[in-house]
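Take a look at the letters that make up each chain.
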Amino acid sequence: MTNMKDNDLLHRFLFENTDVRGNAVHLSDTIQQALQHTDYPPVLHKALSELMAAAALLTATVKLDQGTLSFQIQGQGPLNLLVVECNAALRMRATAKWQGDLHGLGFKDLIGNGHFAITLDPRDGGQTYQGIVEVIGDNIAQILETYMQQSAQLETRIWLSSNPHQAAGLLLQKLPQQQTEDQDSWQRTTMLADTVQADELLQLDTNTLLRRLFHEENVRLFDPSPVAFECRCSHQSVSNMLRLLGREEIDSIIQEQGSISVNCDFCNAAYVFDPIDASQLFVNEMPNSSSKSLH
Ligand SMILES: [Zn+2]
């Protein structure tokens, strides 16, 4: 049995008259569309899909406007890099880079000594926030838990579950500086959430899940927001990246290979620059820029 009803939806909810709020998310098409471009070994597919669920849950707790939340794991084992990005509209993409055969390896073996980073980039010129912790734990939920304990400002707990086609997650967060009569609501709700089974999380629709876990609590469930895969790569963004290589490097690649071909790490879209495209990259560069002193 799979839960079709809440696929690719994020629900926000709160417990009435307490300082605890939460989110629940179910991902299906989002995962398949984000991960279909690469033949990921199962252990990485699982890590990426659970991180995608966690990214949606956390993005929904912060104010980003146009911005992006990203998770990055950098390892020194066979897994070099794992990236998940989610924007304020809950559009997300993911990728991983690894070497060799990962068969039989656990997640901790993959990473070795690694680091986990969360970046909040408002993309409006505002300040970027980044928190980095050592990777401790053998799965995504444990790594996130460590992060939450070490660096998060608000008390936050996350529960995750996945199968090869879906991922689901639940988040509870204690709001700051709220004066409520109900002093033990955080302890009580997180204890109840700790009883959640992996298949309940995956298979029950959010309303049923919340009723089952918190049947004596007064839960207010809000209308859901859709979650989807979206890559924001473009000819423009690839051009900008190529420009950073410099004219000399670009000319030398064109001379050696006839054209420049770049594949997006996230969606595998191919961008090909023939010699004419390549020469266009630098066409707006003024050799003697006289536009500096316009004022
Ligand atoms: Zn792309």
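Residues numbered from 1 in each chain as written. Predicted model: local features only at pLDDT ≥ 70, side-chain atom pairs only at ≥ 80, totals over all residues.

Right, let's get into the overall build of the protein. Each helix and strand counted, the protein has 10 helices and 14 strands in total. Along the first, second and third principal axes, the C-alpha atoms of the protein reach 70 × 55 × 35 Å. For the protein, with 295 residues in total, the buried portion stands at 33%. Here the contacts in the protein between residues at least 6 apart in sequence split such that 63% fall between residues at least 24 apart. (Helix = DSSP H or I, 4+ residues; strand = E, 2+ residues; numbered from the N terminus. Buried ≥ 20, exposed ≤ 12 C-beta atoms within 10 Å, placed from the backbone. Contact = placed C-beta atoms within 7 Å.)

So, about the nonpolar core. Residues Leu48, Met52, Ala53, Ala54, Ala55, Ala56 and Met92 are the most contacted members of the largest nonpolar core, which totals 64 residues. Examining the composition of this core, we find that 12 residues originate from one element, helix H2 (residues 42-59), more than from any other. Those residues in contact with methionine 52 that lie beyond four places of it in its chain are Leu27, Thr30, Ile31, Ala34, Val84, Met92, Ala94 and Ala167. (Core = buried A, V, L, I, M, F, W, Y, C linked by C-beta atoms within 7 Å.)

Let us now look at the sheet that holds strand E6 (residues 115-121). The six strands lie next to each other as E7-E6-E3-E4-E5-E12, forming an open sheet whose pairing is mixed. This sheet does not close on itself; its edge strands, each paired only once, are strand E7 (129-134) and strand E12 (228-229). Note that E6 and E7 share six bridges and pair antiparallel. From the neighbouring strand, leucine 120 faces E7, where its bridge partner is tyrosine 129. (Pairing = 2+ DSSP bridges.)

Following the sequence through the fold, valine 62 ends up in the loop between H2 and strand E3 (68-74). A residue is classified by how many C-beta atoms lie within 10 Å of it, and valine 62, with 13 of them, is partly exposed. When the C-alpha positions of valine 62 and glutamate 256 are compared, they lie 47 Å apart, and in sequence the two are 194 residues distant. When near neighbours in sequence (up to four residues on either side) are disregarded, valine 62 contacts Leu69 and Leu120.

Turning our attention to unusual backbone geometry. For aspartate 8, which is not glycine, the phi torsion reads 60 degrees and is therefore positive. Among the structural elements, aspartate 8 can be located in the segment before strand E1 (9-15). Among the residues examined, aspartate 8 registers 21 C-beta atoms within 10 Å and is labelled buried. Of note in this structure, asparagine 268 is not a glycine but carries a positive phi near 65 degrees. Here asparagine 268 is to be found in the loop between strand E13 (260-263) and strand E14 (270-273). Judged by local crowding, asparagine 268 falls into the partly exposed class, with 13 C-beta atoms found within 10 Å.

Split by domain assignment, the protein resolves into domain 1 (9-229) and domain 2 (235-289). One C-alpha centre belongs to domain 1, the other to domain 2; they are set 36 Å apart. In this complex, domain 1 contributes four residues to the contact, which on the side of domain 2 involves four residues. Looking at the side of domain 1 that touches domain 2 residue by residue, the classes come out as one nonpolar, two polar and one charged. (Domains from an automatic or database assignment. Nonpolar A, V, L, I, M, F, W, Y, C, P; charged D, E, K, R; others polar.)

Let us look at the environment of proline 42. With respect to the secondary-structure elements, proline 42 resides in helix H2. For proline 42, a count of 10 C-beta atoms within 10 Å puts it in the exposed group. Expressed as a C-alpha distance, the spacing of proline 42 and histidine 103, which sit 61 residues apart in the sequence, is 8.6 Å.

For the rest of this paragraph, the subject is helix H9 (residues 247-257). For an α-helix, the turn length of 3.6 residues means that residues three or four places apart are oriented alike. Where burial is concerned, little of H9 is hidden: zero out of the 11 residues are buried. Count one or two residues on from H9 and you reach glycine 258, which has phi positive near 85 degrees.

Attention now moves to the pairing of strand E2 (residues 20-27). For E2, the tally of buried residues reaches eight of eight residues, placing the bulk of the element in the interior. Here E2 shows no split at all, with Val20, Gly22, Ala24 and His26 on one side and Arg21, Asn23, Val25 and Leu27 on the other all buried. Across six bridges, the pairing between E1 and E2 is antiparallel. Each residue of the ladder has a partner; that of arginine 12, found in E2, is asparagine 23. Hairpin remark: E1 followed by E2, antiparallel, with four residues in the connecting loop; positive phi at asparagine 17, about 60 degrees.

Checked against the element boundaries, glutamate 200 lands in helix H6 (residues 198-203). A count of 18 C-beta atoms within 10 Å places glutamate 200 in the partly exposed class. On a C-alpha basis, the gap between glutamate 200 and threonine 146 in space is 24 Å, while along the polypeptide they are 54 residues apart. Apart from the residues lying within four places of it in its own chain, the contact partners of glutamate 200 are Leu209 and Arg212.

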